[in-house]
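Listed below are the residues making up each chain.
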Amino acid sequence: MTLPKMRTAPEAIKEIQEIDPKSSLTLTALRRMMKTGEIPVTYINTKRLVNLDLLIEHLYRDNTELASSAEYGKIRRLS
């Protein structure tokens, strides 16, 4: 069993920017994803921690699902 890489939002942003220096993910966007429940958060007293590996998987999964969607880029009928 490996220990998960738990980070605060600013620490997670810093590590993502080390991996991808031109990353457009902002601290505000990450905090919004944490608040809405898009990514799981672990609370330790008042500190909110995110699993860095799950965050990276979430970002990658959303990108590949959007690209592989059959409806993406097509004109849809409005109801």
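These lines cover the structure that appears in this document, whether it is placed above or below. Note that this is a predicted model, so its numbers are computed, not measured. (Residues numbered from 1 in each chain as written. Predicted model: local features only at pLDDT ≥ 70, side-chain atom pairs only at ≥ 80, totals over all residues. Heavy atoms only, no water.)

Some remarks on the overall build of the protein
No. 1: Scanning the protein from terminus to terminus reveals 3 helices and 3 strands.
No. 2: Seen in sequence order, the protein has helices and strands lined up from the N terminus as β-α-α-β-β-α.
No. 3: Relative to its full complement of 79 residues, the protein shows a buried share of 22%.
No. 4: Across the protein, every contact between residues at least 6 apart in sequence was considered, and the portion connecting residues at least 24 apart equals 47%.
No. 5: As displayed, the protein has an accessible area near 6700 Å², and 54% of this comes from carbon and sulfur atoms. (Helix = DSSP H or I, 4+ residues; strand = E, 2+ residues; numbered from the N terminus. Buried < 20%, exposed > 50% of the residue type's maximum accessible area, 1.4 Å probe, protein only. Contact = heavy atoms within 4.5 Å. Areas by Shrake-Rupley, 256 points an atom, 1.4 Å probe, with all protein chains shown as cover.)

Thoughts on helix H1 (residues 9-19)
No. 1: Where H1 is concerned, the buried positions are Ala9, Ala12, Ile13 and Ile16. All buried residues of H1 fall inside an arc of 100 degrees around its axis, so they share one side. Exposed residues on H1 whose side chains face more than 90 degrees from its buried face are Lys14 and Glu18. (Arc of directions from axis to C-beta.)

Observations concerning the pairing of strand E2 (residues 41-44)
Along a regular strand, successive side chains alternate from one face of the sheet to the other.
No. 1: Sheet analysis places E2 next to strand E3 (residues 47-51), joined by 4 bridges and oriented antiparallel. By the bridge assignment, isoleucine 44 is partnered in E3 with lysine 47.
No. 2: What sits between E2 and E3 in their antiparallel hairpin is a turn of 2 residues, with asparagine 45 showing a positive phi close to 55 degrees. (Pairing = 2+ DSSP bridges.)

Description of unusual backbone geometry
No. 1: At asparagine 45, a residue that is not glycine, the phi angle is positive and equals roughly 55 degrees.
No. 2: Note that asparagine 45 resides in the loop between E2 and E3.

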